[in-house]
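Now for the letters of each chain:
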Amino acid sequence: MFKYIVKRLLLAIIILLGVSFIVYALVRMMPMNYVETKYAAQLAQGTIKQEDIDRFLDLYGLNSSIVGGYFTWLKGLLSGNLGNSFKYNRPVTDVITDYMWISFSIALVATILQFLIAIPLGITSATHQYSVRDYTVTVLTMIGLSFPTYFFAAIVIKIFSVDLGWLPNSGLVDTSVSYAANFAGQMHKFGDMAVHLIMPILVSVVLSIGGLMRYTRTNTLEVLNADYIRTARAKGLSEHTVIYKHAFRNTLIPLATLLAGILPGLFGGMMITEEVFAIDGIGRLAYLALKDGDIPFVMGYNMFLAILTVIGTLLSDIMYAIVDPRVKLTK
């Protein structure tokens, strides 16, 4: 296994280099860059001249070629410097470190709820195949899969915030309230944040359980048709024991592959959800930076996600081999 891990890590370096160049080239080929976006209004009004724009382009390194600019960025990366964000005027590393934990908190709670809801739904749907329960669960999850995030979020805001007035519709805390620095004040702030995050987490969970539920249902149906399940039933074991002791354990084996997507999802943020609810998580900051052509931040953010994806994929392969002895990792 050690040789396999080393080989995968060496291959990951090549993949990350390729990803970084593609992302850099795509950002540089955008029709607008940070300088043009920032000073477009002043240029149209004549309060700033094109010579000034060109000088700013040189200052931000946007007049160089794509290849030259990429190697300048890569040189900084190899020295441990992702550069300063154009938009946020701070080191990219600091911005990512400060704001990814907001996204992580939302994604962690949403992921736990997603598994707690979707896996039991998938199992009960499979064990009652073609029943009213099966069709009901399938229809509800398909509705959740079909809704775009921004559309479903707008419905949730309309119902729970506008019509009922139960929940705040944006932000992390109530900006009109001052929280004391003592324990009581911080607990009040924590409670306010929890209330503000109910709707974002609800939207994330509802829209994500469908895929996991279908995945669990398919795996459970496949396991229930296996020979050892028929043997267990022939021995007179109860249906509960057959399903939750023998079938359930093997149903979870393919779910190990989901680790590849969970890791970047936990730290990478949810761009649309965070933008709709005006939550300053890492996903929303990346979306705003992309709109303004903030190359250092976009590069740092995407490399952050790429590294997490590579690590998640490697962990997924290792976990699959651990939970299923039939799988062997070869060099």
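The numbers attached to residues start from 1 for each chain and follow its sequence in the written order. With the structure being a predicted model, the display of local features is reserved for residues of pLDDT at least 70 and the display and counting of side-chain atom pairs for 80 or more, all residues being used for whole-chain, interface and lining totals. Side-chain numbers here rest on the full set of heavy atoms in the structure, without hydrogens or water.

Asker: I would appreciate a short explanation of the overall build of the protein chain in the present structure.
Answerer: On a plain count of helices and strands, the protein chain comes out with 15 helices and zero strands. Projecting the C-alpha coordinates of the protein chain onto the three principal axes gives extents of approximately 85 × 60 × 40 Å. Type-normalised accessible area, obtained with a 1.4 Å probe on protein chains alone, sets the label of each residue: buried when under 20%, exposed when over 50%, and partly exposed for intermediate values. Looking at the 331 residues of the protein chain, the share that counts as buried comes to 39%. Residues count as neighbours in contact if any of their non-hydrogen atoms are within 4.5 Å of one another. In the protein chain, the share of contacts with a sequence separation of at least 24, taken over all contacts with a separation of at least 6, comes to 73%. Areas reported here follow the Shrake-Rupley algorithm with a probe of radius 1.4 Å; residue values treat only the protein chains shown as occluding. Surface exposure of the protein chain reaches about 18400 Å², of which carbon and sulfur atoms provide 66%. When charges are counted, neither His nor the chain ends are considered; positive counts come from Lys and Arg and negative counts from Asp and Glu. Taken as the charge centre is NZ of Lys, CZ of Arg, CG of Asp or CD of Glu, depending on the residue. Here the protein chain contributes 25 positively and 21 negatively charged side chains, and the mean placements of these two sets differ by 12 Å. Helix and strand assignments follow DSSP, with helices taken as H or I runs no shorter than four residues and strands as E runs no shorter than two, numbered in order from the N terminus.

Asker: Help me understand the packing of aromatic side chains in this model?
Answerer: Working definition: an aromatic ring pair is given by the centre-to-centre distance plus the angle between the planes. Each pair of aromatic rings taken from Phe, Tyr and Trp, with Trp reduced to its six-membered ring, is defined by centres within 6.5 Å and is described as stacked if the planes are under 30 degrees apart, edge-to-face if over 60, and tilted in the remaining cases. One pass over the full model with this rule turns up 10 aromatic pairs. On the numbers, 5.1 Å between centres and 85° between planes, the contact of phenylalanine 21 with tyrosine 70 is edge-to-face. Here phenylalanine 21, found in helix H1 (residues 2-28), pairs with tyrosine 70, found in helix H4 (residues 66-78); they are 49 residues apart in sequence, far enough to count as distant. A residue is classified by how much of its surface remains accessible, and phenylalanine 21, at 33% relative accessible area, is partly exposed. Their ring planes at 15° and their centres at 5.7 Å tell us that phenylalanine 147 and phenylalanine 152 sit as a pair that is stacked.

Asker: What's the story with the pattern of salt bridges in this structure? I'm lost.
Answerer: Side chains that differ in charge, positive against negative, can pair when their charged atoms come close. Any carboxyl oxygen of Asp or Glu within 4 Å of a side-chain nitrogen of Lys or Arg constitutes a salt bridge here. Under the criterion given, the structure shown has seven salt bridges. With its nearest N and O atoms 3.0 Å apart, the salt bridge here joins glutamate 275 to arginine 284. Here glutamate 275 falls in the partly exposed class, since its relative accessible area comes to 28%. Arginine 284 gets classed as buried once you look at its relative accessible area, which sits at 17%.

Asker: Hey, could you run me through a nonpolar patch on the surface in this one?
Answerer: Judged by side-chain polarity, Phe21, Ile22, Leu26, Met29, Val67 and Phe71 come together as a nonpolar surface patch covering roughly 610 Å² of accessible area. Every element with two or more residues in the nonpolar patch is listed here: H1 and H4. Ranked by the residues each element gives to the nonpolar patch, the list is headed by H1, at three residues. Patches here: salt-bridge-free residues with over 30% relative accessible area, like charges joined within 9 Å, nonpolar side chains (Val, Leu, Ile, Met, Phe, Trp, Tyr) joined within 5 Å.

Asker: I tried to follow the environment of phenylalanine 56 on my own but got confused; where do I start?
Answerer: Assignment of secondary structure puts phenylalanine 56 in helix H3 (residues 50-59). In this structure phenylalanine 56 comes out as partly exposed when scored by relative accessible area, which is 25%. Along the sequence, phenylalanine 56 and threonine 136 sit 80 residues apart, while their C-alpha atoms lie 59 Å from each other. When residues no more than four places from it in sequence are discounted, the contact partners of phenylalanine 56 are Val35, Tyr39 and Ile48.

Asker: Quick question: what am I supposed to make of the nonpolar core here?
Answerer: Generally speaking, nonpolar side chains in soluble globular proteins are found buried as a group. Among the buried residues, those of types Ala, Val, Leu, Ile, Met, Phe, Trp, Tyr and Cys that are joined through side-chain atoms within 4.5 Å form a nonpolar core. Judged by nonpolar contacts, the single largest core of 39 residues is most densely connected at Val35, Trp73, Ile96, Phe267, Ile295, Phe297 and Phe304. A total of 10 residues in this core trace back to one element, the largest contributor, which is helix H15 (residues 295-323). With sequence-adjacent residues up to four places away left out, phenylalanine 297 is seen in contact with Ser85, Tyr88, Val92, Val95, Ile96, Ile282, Leu285, Ala286 and Ala289.

Asker: What am I meant to see in helix H7 (residues 149-163) here?
Answerer: End to end, H7 covers 20 Å across 15 residues, agreeing with the expected 21 Å (1.5 Å per residue, within 8%). Restricting attention to buried positions, one finds in H7 the residues Phe152, Ala153, Val156, Ile157 and Ser161. Contacts made by the buried residues of H7 are with helix H9 (198-224) and helix H13 (271-276). Expected helix span is computed as 1.5 Å times (number of residues minus one).

Asker: So what exactly am I meant to see when it comes to the packing of helix H10 (residues 227-234) against helix H11 (residues 239-251) here?
Answerer: Put simply, H10 and H11 touch, their axes get as near as 10 Å, and they point 160° apart. As summarised for this structure, H10 and H11 are arranged roughly antiparallel, according to the angle between their axes. Note that H10 runs across H11; the crossing there is right-handed. Across from Tyr228, Ile229, Ala232 and Arg233 in H10, the residues of H11 making contact are Glu239, Val242, His246, Ala247 and Asn250. A class-by-class count of the residues in the contact of H10 with H11 yields five nonpolar, two polar and two charged. In this description, a line fitted to the C-alpha atoms serves as the axis of each element, helices being fitted only across the stretch in contact, and the angle between N-to-C directions of two axes falls anywhere from 0 to 180 degrees. Each angle receives one of four descriptions, namely roughly parallel if under 35 degrees, roughly antiparallel if over 145, roughly perpendicular if within 65 to 115, and oblique otherwise. Handedness of a crossing follows from how the near helix is turned relative to the far one, being left-handed for an anticlockwise turn of less than a right angle and right-handed for a clockwise one. Side-chain classes follow a simple rule in which Ala, Val, Leu, Ile, Met, Phe, Trp, Tyr, Cys and Pro form the nonpolar group, Asp, Glu, Lys and Arg form the charged group, and the remainder, Gly included, forms the polar group.

Asker: Hey, could you run me through the packing of helix H5 (residues 92-127) against H9 in this one?
Answerer: What describes two packed helices is the angle between their axes and the distance between those same axes. Look at H5 against H9: their axes get within 6 Å of each other, and the N-to-C directions meet at 35°. The way H5 lies across H9 gives a crossing that is right-handed. Residue classes in the contact of H5 with H9 are distributed as 18 nonpolar, eight polar and one charged.

Asker: I keep staring at H11 and nothing clicks. Help me out?
Answerer: A rise of 1.5 Å per residue sets the reference length of H11, with its 13 residues, at 18 Å; its end C-alpha atoms lie only 16 Å apart and thus fall more than 12% short of the reference. Of the positions making up H11, those classed as buried are Val242, Ile243, Ala247 and Thr251. Seen along its axis, H11 keeps its buried residues to an arc of 85°; they face one direction. Relative to its buried face, H11 has exposed residues pointing more than 90 degrees away, namely His240 and Arg249. As for H11, its buried residues are in contact with H5, H9 and H10. What the arc covers is the set of directions going from the helix axis to the C-beta atoms.

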